[in-house]
Amino acid sequence: MASAGGSLMDVLCEVYECSVNATRPSRTPAEVARAIVSGVRAHETAGPHGNETDASCLALTLIGRMVARATAPAAHGRVAGFYRDAVEVLLQDLDVVSQMVAKFGCEEQMVSHLAAKSASACVLYRLQVSGVVSPAWHQTCQRALLSSPAGPELDSVLWSLTRVLQKLLQDNRQEPVRMLLMAFDTSVSASTSRFLPADRSPLGAPDTSCLLLDLLELLTASGSAAPAGTRGPKLTYIHAAALIAAVSRAPHYFVSKRAALLLKRAALRKAGEDWLGASGENAASDASDIGVLAAAVSDALAAGWLTSVRVESARFFGGTSAARGGPGDSVMLRALGLLVIKSVQHRVVSAAAGAAEAGGHLGSLWRFLRQKGVRPTDTDHDCGVLPLLFSEQDDDMMEAAKAALVIFLHLRDDWRQDDSAPVRASCVAGCNPHCHFLFLLGAVSADHRILLDFLISTETCFLDYLVRYLRYLRTDRRGFAASCRRLDAGGRSLAPSGGCRLVDYDDSDEEASGDSPGSERLRSNAGASDDTLGRALGCLVRLRRMLARLQNKNLFPYKADSLLKLLTQVIQLLNAD
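Sequence positions are assigned chain by chain, starting from 1 and proceeding in written order. Selection of residues for local features in this predicted model requires a pLDDT of at least 70, selection of side-chain atom pairs for listing and counting requires 80 or more, and totals for whole chains, interfaces and linings are taken over all residues. The side-chain quantities take in all heavy atoms of the structure and omit both hydrogens and water.

### Some details on the environment of R471
Alright, step 1. Mapped onto the fold, R471 is located in helix α23 (residues 462-473).
Alright, step 2. A 1.4 Å probe rolled over the protein chains alone gives each residue an accessible area, and that area as a share of the maximum for its type sets the label: buried under 20%, exposed over 50%, partly exposed in between. A residue is classified by how much of its surface remains accessible, and R471, at 48% relative accessible area, is partly exposed.
Alright, step 3. Counting along the chain gives 95 residues from R471 to L566, while the straight-line C-alpha distance between them is 7.1 Å. Strands are runs of DSSP state E lasting at least two residues, helices are runs of H or I lasting at least four, and both sets are numbered from the N terminus onward.

Okay, structure coming up:
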């Protein structure tokens, strides 16, 4: 290639510049492809100038860029055709994938990573063009998953497989996903069993462990496309006990935290949410999967698992949470909290656990959280722990509040101590729904506009939670009043409405079409009292009025008649107090 007009690096640099500018190099596609293959091999022989590794890295980078140019949505004309021709020469004539997968175990980390990255791009290209999994890539991945120890080659394989699966899921390409799951079902299952053994011994190499956990999360998210009988999407649940043990036994804290986050997302059926930009539940995670996870969590809690979980101080610019007198790593604590609460919820709903088990597990969670610095003002009121823990994460807060409400609704008869209400026993278990709702209102300064934002948002389950709670509130006005009095006695009355808010809906407009008869009286009475009950009632009245106005103007994203009716009934009920 030097005799054709310059050194190898000169040729590679020219091609790179052309790829950036979307122009054609001066050489033919075959010449460019041969130069790139020479570059891929360059680092194998050290020369006098010492730039062979640079040439390999540049050549590997070029492969990915050329695939991107060849497959871009607007790829057409002579320039795009040139890059497609060059890629075809690389894949068909020069078998560049075989040469890249051979670099997966390279001691030069940059070379091995770029090889994995560009090999993944070529695999995706071949799947898109011909619907075939690259044989060389498939064989290398299979062998490494089945037998390679933790190290550069297995790390590259795990990264590459995760990247290919992620891209296919993002593009919603169901058939290639099914093909990939079937091709790697046995080897991935075997690799997971190797690194998450049944004896629950600690995870080994931290990089390999985290890469495996990443792959498990995407496999869990891929369940809707999985062929019948494949184990990949269920591996997180199958190995739940080993993952729970990893949370407390992994020698590296970031591995423990990654395992806890995977378990939390699996419990919420939201695996892959951060990877894929999706919201909502993974439909393929059925009740039996969650049941296996919940049983493993229950067994661990009964054995005192939480006492062995390490939670480091959260780090900030200028110090740590410990130095500031705050709780430990809030991300870790929220993950553990939701894992336990959702597991208890599933066992209660499926009748696998009663009030004794649920109360015991929740009590151990509240004690653990208090020990880690989540301490509400009222030290004797466990209902305050959950809202304080999730006060900075709206979606997790709604999930936790909804789970606690479901637990209460299923166990209220077991918790009923006399003919009044089961709320006192539920306060002991930290599951009084009235307390949680009032703490939620306090967290948003009783600002109805923030509640309206929650109702509009698709990122939380607030609508489902609010409807469930208001239906219960209709049946237990006295319990709500008792919770209000407890907060007042403890100095936790709600802050005045009007704190921070997300969107200004201009509620100065007094038009309120759709209000029920007597709404003027409700508006005049609501919020007249400065206690918790009065402020909560005022917030609900303002929420109902604004919701009715938006719906009347066709500005609300969905039909809210049932919610408006519920709000009206609750407001009338509470207004009597």
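Still more to cover.
### Thoughts on the nonpolar core
Alright, step 1. Nonpolar cores were defined as sets of buried Ala, Val, Leu, Ile, Met, Phe, Trp, Tyr and Cys residues, with membership established by side-chain atoms within 4.5 Å. I36, W137, W305, I341 and F480 are the most contacted members of the largest nonpolar core, which has 187 residues in total.
Alright, step 2. The contact rule is simple, with two residues in contact once any of their heavy atoms fall within 4.5 Å. Once residues within four sequence positions are removed from consideration, F480 is found in contact with H434, F437, L438, Y469, L473, L533, A536 and L574.

### Focus: the packing of aromatic side chains
Alright, step 1. Side-chain rings of Phe, Tyr and Trp, where Trp is taken by its six-membered ring, are said to pair if the distance between their centres is within 6.5 Å; with planes under 30 degrees apart they count as stacked, over 60 as edge-to-face, and otherwise as tilted. Enumeration according to the criterion identifies eight aromatic pairs in this entry.
Alright, step 2. Considering the side-chain rings of Y465 and Y469, the 6.3 Å spacing of their centres and the 15° angle between planes classify their relative orientation as stacked. Taken as a pair, Y465 and Y469 lie in helix α23 at a separation of four residues, close to a single helical turn.
Alright, step 3. Since its relative accessible area comes to 0%, Y469 is described here as buried.
Alright, step 4. Ring pairs connect the aromatic residues F437, F454, F462, Y465 and Y469, which therefore count as one cluster.

### What about the packing of helix α24 (residues 477-489) against helix α26 (residues 532-552)?
Alright, step 1. Inter-axis angles, ranging from 0 to 180 degrees, are taken between N-to-C directions of lines fitted to C-alpha atoms, where helices are fitted over the stretch in contact. The interhelical angle for the contact between α24 and α26, taken along N-to-C directions, is 120°, at an axis separation of 8 Å. By the angle between their directions, the pair α24 and α26 is classed as oblique. Where α24 approaches α26, its residues F480, C484, L487 and D488 are matched on the opposing element by T532, L533 and A536.
Alright, step 2. Lys, Arg, Asp and Glu make up the charged group, whereas Ala, Val, Leu, Ile, Met, Phe, Trp, Tyr, Cys and Pro make up the nonpolar group; the residues left over, Gly among them, are polar. For the contact of α24 with α26, the residue count by class is five nonpolar, one polar and one charged. Any angle that is under 35 degrees is reported as roughly parallel, and any over 145 degrees as roughly antiparallel; angles of 65 to 115 degrees are reported as roughly perpendicular and all others as oblique.

### A short note on helix α4 (residues 77-93)
Alright, step 1. Each residue after the first adds 1.5 Å to the expected span of a helix. In this model α4 runs 23 Å from its N-terminal to its C-terminal C-alpha over 17 residues, within 8% of the 24 Å that 1.5 Å per residue would give.
Alright, step 2. Restricting attention to buried positions, one finds in α4 the residues A80, G81, F82, Y83, A86, V87, V89, L90 and L91.
Alright, step 3. Packing partners of the buried residues in α4 comprise α1 (8-21), α2 (29-42), α3 (52-71), α5 (96-101) and α6 (109-130).
Alright, step 4. Remark: D95 follows α4 within two positions and exhibits a positive phi of approximately 50°.

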